[in-house]
Amino acid sequence: MSVPSPNESIEGLSVRPGAASNLPPPPARHRAFGSTLQLLALCPLLAVSDTVVKALGFSTLVLVIFPLATLLLSALRRWLADSIVLPASLLVTAGLVTAAELFMRAWFHDLGASFGVFLPLVAVNIVVIDHIQARDVSRGTALIRSVRIALGIALTLIALGFARELVGRGSLLSGAATLFGNWGEHLEIKVFSVDMGFLLAMLPPGAFISLGLLIAVRNWIASRNPTAS
Amino acid sequence: MATPADKRHIAAPTATLAIIAAVLTVGLVTFANLTRDRIARNQQVWIKQHLDALVPPKSYDNDPLVDITEVMAPDLLGAATPIIAYRMRKAGLPVAVALRPVAPDGYRGPIELLVAIAPGGQLLGVQVIRHNETPGLGDAFENRDAGWLGEFRGLSLTKPPQQRWTVRRDGGDFDAFTGATITPRAIVKAVRRTLEFYQGNEDRLYQDGKPQ
């Protein structure tokens, strides 16, 4: 009986499709696997979608951090043995996210404070998504892919932000001053006045219900127009 | 028994990781140094806004953000860490002390307060400076019941008497918000305990580390 070398055992545990065997996974399954994981990776970020301003601010950060992390990681990969790809990506993304936190505290103090733990959580999402990606793509392809993922996250957050703030508070762009500075105070739109608001929309379950509705709409459009999906 | 080949196999990746960690550390320390002053200033501005809402800046002539002291009283002030007290004086005479106690039993975690007290133990006011209460219910003091925190102004340990220093539901004098009892109960309790701490420590609060 042979004891597997450390390298083999780590490769065997890898969730990276195609890493454990030489056979590429079936494309359809790969796509489903990837999008499910993306959806799961999005879930912890839903907490910052209760107002438009928070969603906008957070999306901007995601749009910067995600491609930057991909660039750094793909540049580094050539020096990384397989066994340390995961810890190295954790280190790099954690470093990037820490820098982003410092940046928020220095220049967008109040908005950054409202992100709480969810900004550091972005590091986990990046590592997960980076880890499931096929390794043998060029740097350009990886970059385009990460921009697309970041855009997807950003658009989802902003759409949810609009819906939840409108339903939950009857306003749009409340607290805009935390993102745009003092002139942002005039940006808030009071669509209708509510005493308590529709609470469910503001609470975390509201985020999941809104996301479910969003996915339902997407699926409905896709089912009406099967060729364009 | 590890062979020399195995050792190399471990040594090289370890060194790579160490280099990455070192580069990141240097980068982050540099960035942290660059932003430190700005972040400290932001926090001062933030606490000053809350302070100004409680004590009119014209009523004192020192800088309460510099004239601070730290006190420890986990039972009364709700935190196992030192609590900051900002001192306000006019011509060296005490005007007010603002403490930053914690209400540890909020509905969703601790509620950080700023409690300003005039000499003699009368409340100048209470501000909630950080909380995780349920949006729309427990955070009513921020919008729906915006006047609620204002009701503390002018109260003291004897007004109302101690057994009425709680929410109405518990037989006290304080209203709760619609749909939330735990949050107001926690805040009222924390304010009362802060007053109790103040009563036993008034002299110390003004004297400790007093700038000459």
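What you see is a predicted model, and the numbers here were worked out from it, not measured in a lab.

Cut-offs applied
- Residues numbered from 1 in each chain as written.
- Chains lettered and ligands numbered in written order.
- Predicted model: local features only at pLDDT ≥ 70, side-chain atom pairs only at ≥ 80, totals over all residues.
- Helix = DSSP H or I, 4+ residues; strand = E, 2+ residues; numbered from the N terminus.
- Rg over C-alpha atoms; globule rule 2.2 N^0.38 Å.
- Buried ≥ 20, exposed ≤ 12 C-beta atoms within 10 Å, placed from the backbone.
- Contact = placed C-beta atoms within 7 Å.
- Nonpolar A, V, L, I, M, F, W, Y, C, P; charged D, E, K, R; others polar.
- Expected span 1.5 Å × (residues − 1).
- Pairing = 2+ DSSP bridges.
- pLDDT = per-residue confidence, 0-100.
- Axes fitted to C-alpha atoms, helices over the stretch in contact; angles between N-to-C directions.
- Left-handed = near helix turned anticlockwise from the far one by under 90°.
- Parallel < 35°, antiparallel > 145°, perpendicular 65-115°, else oblique.

What about the overall build of chain B?
- Within chain B one finds three helices and six strands.
- Secondary structure elements of chain B, listed N to C terminal, follow the sequence α-β-α-β-β-β-β-β-α.
- Here the C-alpha radius of gyration of chain B, 23 Å, is well above what a compact globule of 212 residues would show, namely 17 Å.
- Each principal axis of the C-alpha distribution contributes one length, and for chain B these read about 80 × 50 × 30 Å.

Here we look at the overall build of chain A
- When its secondary structure is counted, chain A shows ten helices and two strands.
- Secondary structure elements in chain A, listed N-terminal to C-terminal, are α-α-α-α-α-α-α-β-α-β-α-α.
- A buried classification covers 31% of the 229 residues belonging to chain A.
- Residue pairs at least 24 apart in sequence account for 71% of intrachain contacts in chain A once pairs closer than 6 positions are excluded.

A look at the interface of chain A and chain B
- Of the residues lining the interface, 22 residues belong to chain A; the matching set on chain B comes to 20 residues.
- Elements represented by at least two residues in the side of chain A that touches chain B include exactly α4 (85-107) and α9 (199-202) of chain A.
- Looking at which element gives the most residues to the side of chain A that touches chain B, the answer is α4(A), with ten residues.
- Per-class residue counts for the side of chain A that touches chain B are 15 nonpolar, five polar and two charged.

Some thoughts on the environment of R78(A)
- Looking at the element boundaries, R78(A) is found in the loop between α3 (52-76) and α4.
- For R78(A), a count of 6 C-beta atoms within 10 Å translates into the label exposed.

Digging into α4(A)
- Its 23 residues place the ends of α4(A) 33 Å apart at the C-alpha level, agreeing with the 33 Å of an ideal helix rising 1.5 Å per residue.
- When α4(A) is considered as a whole, its buried residues turn out to be V85(A), A88(A), S89(A), L91(A), V92(A), T93(A), G95(A), L96(A), V97(A), A100(A), M104(A) and A106(A).

Observations regarding the environment of P13(B)
- By the element assignment, P13(B) lies in helix α1 (residues 4-54).
- In this structure, the C-alpha to C-alpha distance between P13(B) and P101(B), residues 88 residues apart in sequence, is 48 Å.
- Each residue touching P13(B), except ones within four places of it in the same chain, is listed here: A81(A), S83(A) and I84(A).

Examining the pairing of strand β3 (residues 93-99) of chain B
Residue and element names in this part refer to chain B.
- Burial runs high along β3: five of the seven residues are buried.
- Inspection of the sheet shows strand β2 (residues 83-90) paired to β3 by six bridges, in the antiparallel sense. The residue of β3 that forms the bridge with R89 is P94.
- Counting the residues between successive antiparallel strands, the hairpin from β2 to β3 contains two residues, one of them, A91, with a positive phi of roughly 50°.

Overview of the environment of Q122(B)
- Within the element layout of this structure, Q122(B) appears in strand β6 (residues 122-130).
- Linking Q122(B) and S156(B), residues 34 residues apart in sequence, is a C-alpha distance of 4.8 Å.

Comments concerning unusual backbone geometry
Residue and element names in this part refer to chain B.
- Between K159 and P160 the backbone carries a cis peptide bond, its omega angle lying at 0°.
- Relative to the helices and strands, P160 resides in the loop between β6 and α3 (182-207).
- Positive phi, close to 50°, is recorded for A91, a residue that is not glycine.
- Positionally, A91 belongs in the loop between β2 and β3.

Re the confidence of the model for chain B
- Across chain B, the average pLDDT comes to 87, with 94% of residues at or above 70.
- Here helix α2 (residues 74-77) of chain B stands out as the element of chain B with the lowest mean pLDDT, 88, in contrast to strand β5 (residues 111-118) of chain B, whose mean of 93 is the highest.

Topic: helix α6 (residues 118-132) of chain A
- If you check α6(A), its first and last C-alpha atoms are 21 Å apart, about what 15 residues at 1.5 Å a residue would give, namely 21 Å.
- Regarding α6(A), the residues found buried are L119(A), V122(A), A123(A), N125(A), I126(A), V127(A), I129(A) and D130(A).

Re the packing of α3(A) against α4(A)
All names here are of chain A.
- Orientation of α3 relative to α4, taken along the N-to-C sense of each, is 145°, at an axis distance of 10 Å. The interaxial crossing formed by α3 with α4 has right-handed handedness. Residues L61, I65, L68, A69, L72, L73 and L76 of α3 touch α4, and the partners they reach there are A88, S89, V92, T93, L96, V97 and A100.
- When the residues that make up the contact of α3 with α4 are grouped by side-chain class, the tally is twelve nonpolar, two polar and no charged.

Side note on the confidence of the model for chain A
All names here are of chain A.
- Summing up the model confidence of chain A, the mean pLDDT is 77 and the portion of residues at 70 or higher is 77%.
- At the low end of the mean pLDDT range in chain A sits helix α1 (residues 6-13), at 39; at the high end sits α4, at 91.
- Contacts from residues 1-30, a stretch scored under 50 in pLDDT, to residues over four places away or in other chains number 25 contacts.

Concerning the packing of α3(A) against α6(A)
Residues and elements named next belong to chain A.
- It is at 11 Å that the axes of α3 and α6 come closest, and there the two elements cross at 45°. The angle between α3 and α6 places the two elements in the oblique class. When the axes of α3 and α6 are compared, the crossing they make is right-handed. Between α3 and α6, the contacting residues are L61, V62, I65, F66, A69, T70 and L73 on the first element and L119, V122, I126 and D130 on the second.
- Class assignment of the residues belonging to the contact of α3 with α6 gives a composition of nine nonpolar, one polar and one charged.

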